[in-house]
Amino acid sequence: GESVGLHLPTLSVQEGDNSIINCAYSNSASDYFIWYKQESGKGPQFIIDIRSNMDKRQGQRVTVLLNKTVKHLSLQIAATQPGDSAVYFCAENLSGYSTLTFGKGTMLLVSP
Amino acid sequence: EPEVTQTPSHQVTQMGQEVILRCVPISNHLYFYWYRQILGQKVEFLVSFYNNEISEKSEIFDDQFSVERPDGSNFTLKIRSTKLEDSAMYFCASSEGWGSQPQHFGDGTRLSIL
């Protein structure tokens, strides 16, 4: 897909493993964060979000962790499946603004 | 599940021509956005739109660009006098509310300027 660049960080895992994808965000004042999944030829698909008053949020097979001290966000995917193979982006938002600022993305490759 | 739809999926245009990219946001959403992604680069914000007005725009969104909600369902991005560097994926998104709300994206229009 169009989002796959030649120099994306890549995480390769085996099916059934847990995956951790990391993101360093840029603005210490950002207070809302989203993880998106982008499959080849598709648009960014919402996975999970978290507000800055939380450190952790869990969804179905996914957990997002937020460390505001070091401006770090992570996405944990439990029991990774081949269908999880995609590029994953974090995006940040500053309260009062509509702009989402996207990170560079990480490609997750899941081998059966 | 409701989704944002974009047409066409691929648009090829000669440099200097005008293009209109079309989007149908999710029906109960009130806030609409355009983003673009140049090949190999990050997704970049272009503009947000609410109540028939531009709410925010980035430096990229200069006089060459305009947006419109011509009817109750469509949201369009017009690019006048296209340049080679306008070649990119253009994504439309919509959200129920403003700011700290999930934005839901369409699958994009790939714009190729020759």
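Conventions and cut-offs
- Residues numbered from 1 in each chain as written.
- Chains lettered and ligands numbered in written order.
- Predicted model: local features only at pLDDT ≥ 70, side-chain atom pairs only at ≥ 80, totals over all residues.
- Heavy atoms only, no water.
- Helix = DSSP H or I, 4+ residues; strand = E, 2+ residues; numbered from the N terminus.
- Rg over C-alpha atoms; globule rule 2.2 N^0.38 Å.
- Buried < 20%, exposed > 50% of the residue type's maximum accessible area, 1.4 Å probe, protein only.
- Salt bridge = Lys/Arg side-chain N within 4 Å of Asp/Glu carboxyl O.
- Core = buried A, V, L, I, M, F, W, Y, C linked by side-chain atoms within 4.5 Å.
- Contact = heavy atoms within 4.5 Å.
- Polar contact = N/O pair within 3.5 Å; in protein donor to acceptor, adjacent residues only side chain to side chain.
- Nonpolar A, V, L, I, M, F, W, Y, C, P; charged D, E, K, R; others polar.
- Pairing = 2+ DSSP bridges.
- Axes fitted to C-alpha atoms, helices over the stretch in contact; angles between N-to-C directions.

*Asks:* Any chance you could explain the overall build of chain B here in plain terms?
*Replies:* Looking only at helices and strands, chain B has zero helices and eleven strands in total. Shown N-terminal to C-terminal, the secondary structure of chain B runs as helices and strands in the order β-β-β-β-β-β-β-β-β-β-β. On C-alpha atoms alone, chain B measures out to a radius of gyration of 13 Å, which is about the 13 Å that the 2.2 N^0.38 rule sets for 114 residues. Overall size of chain B, expressed as C-alpha extent along the three principal axes, is 35 × 30 × 30 Å. Taken over 114 residues, chain B has a buried fraction of 48%.

*Asks:* How do you make sense of the overall build of chain A when you look at a structure like this?
*Replies:* Of regular secondary structure, chain A possesses zero helices and ten strands. Tracing chain A from N to C terminus, the helices and strands come up as β-β-β-β-β-β-β-β-β-β. For chain A, the C-alpha radius of gyration of 14 Å lies close to 13 Å, the compact-globule estimate for 112 residues. Overall size of chain A, expressed as C-alpha extent along the three principal axes, is 40 × 25 × 20 Å.

*Asks:* Please explain the pattern of salt bridges as it appears in this structure.
*Replies:* Opposite charge on two side chains permits them to pair, given that their charged atoms come into close proximity. All names here are of chain A. Enumeration according to the criterion identifies four salt bridges over all chains in this entry. Ionic pairing is found between Asp55 and Lys68, a salt bridge with its closest N-O pair at 3.4 Å. Taken together, the residues Asp55 in the loop between strand E4 (45–51) and strand E5 (56–58) and Lys68 in the loop between strand E6 (62–67) and strand E7 (72–77) connect sequence positions 13 residues apart. Between Asp84 and Arg61 there is a salt bridge, with its nearest N and O atoms 2.9 Å apart. One end of the pair, Asp84, is in the loop between E7 and strand E8 (86–93); the other, Arg61, is in the loop between E5 and E6, and 23 residues separate them in sequence. Since its relative accessible area comes to 31%, Arg61 is described here as partly exposed.

*Asks:* Just checking my understanding: could you explain the nonpolar core for this structure?
*Replies:* In globular proteins that are soluble, nonpolar side chains generally tend to be buried together. Residues and elements named next belong to chain B. In this structure, Trp34, Leu46, Val67, Phe75, Leu77 and Tyr90 are the most contacted members of the largest nonpolar core, which totals 22 residues. At the level of secondary structure, the elements contributing two or more residues to this core comprise strand E3 (19–24), strand E4 (31–37), strand E5 (43–50), strand E7 (65–68), strand E8 (75–79), strand E9 (88–95) and strand E11 (109–113). Setting aside residues no more than four positions away along its own chain, Val67 makes contact with Trp34, Val47, Phe49, Ile54, Phe61, Phe75, Thr76 and Leu77.

*Asks:* I keep staring at the interface of chain B and chain A and nothing clicks. Help me out?
*Replies:* The parts lose accessible area when they come together, and the size of an interface is often stated as this lost area. In this assembly, 23 residues from chain B lie in contact with 26 residues from chain A. The interface formed by chain B and chain A contains zero salt bridges. Put simply, chain B and chain A have nine residue pairs in polar contact (both at pLDDT 80 or more) between them. Contributions of two or more residues to the side of chain B that touches chain A are made by E4, E5, E9 and strand E10 (104–105) of chain B. Looking at the side of chain B that touches chain A, its residues break down into ten nonpolar, nine polar and four charged.

*Asks:* Would you mind showing me how to read the sheet that holds E3 of chain B here?
*Replies:* Residues and elements named next belong to chain B. Strand order in this open sheet of four strands is E1-E3-E8-E7, and the pairing throughout is antiparallel. Looking at strand neighbours, the two that pair on one side only are strand E1 (5–7) and E7, the edges of this open sheet. Strand-to-strand twist of the sheet, defined as the mean angle between neighbouring strand axes without regard to direction, takes the value 20°. Pairing geometry for E1 and E3, over three bridges, is antiparallel. By the bridge assignment, Thr7 is partnered in E3 with Arg22.

*Asks:* Even after reading the chapter, I still don't get unusual backbone geometry, so can you show me in this structure?
*Replies:* Most peptide bonds take the trans form, and the phi angle of most residues other than glycine is negative. Cis peptide bonds are those with omega within 30 degrees of zero, and the linkage from Thr7 of chain B to Pro8 of chain B qualifies with -10°. Within the element layout of this structure, Pro8 of chain B appears in the loop between E1 and strand E2 (10–13). For Arg61 of chain A, which is not glycine, the phi dihedral falls at a positive 65°. In this structure, Ala79 of chain A is a non-glycine residue whose phi angle is positive, near 45°.

*Asks:* It is not clear to me how the side chain of Gln37 of chain B should be interpreted in this structure. Could you clarify?
*Replies:* Residue and element names in this part refer to chain B. Examined against the element boundaries, Gln37 turns out to sit in strand E4. Assessed through its relative accessible area of 0%, Gln37 is described here as buried. At 3.3 Å, the side chain of Gln37 and the backbone oxygen of Gln41 are in polar contact.

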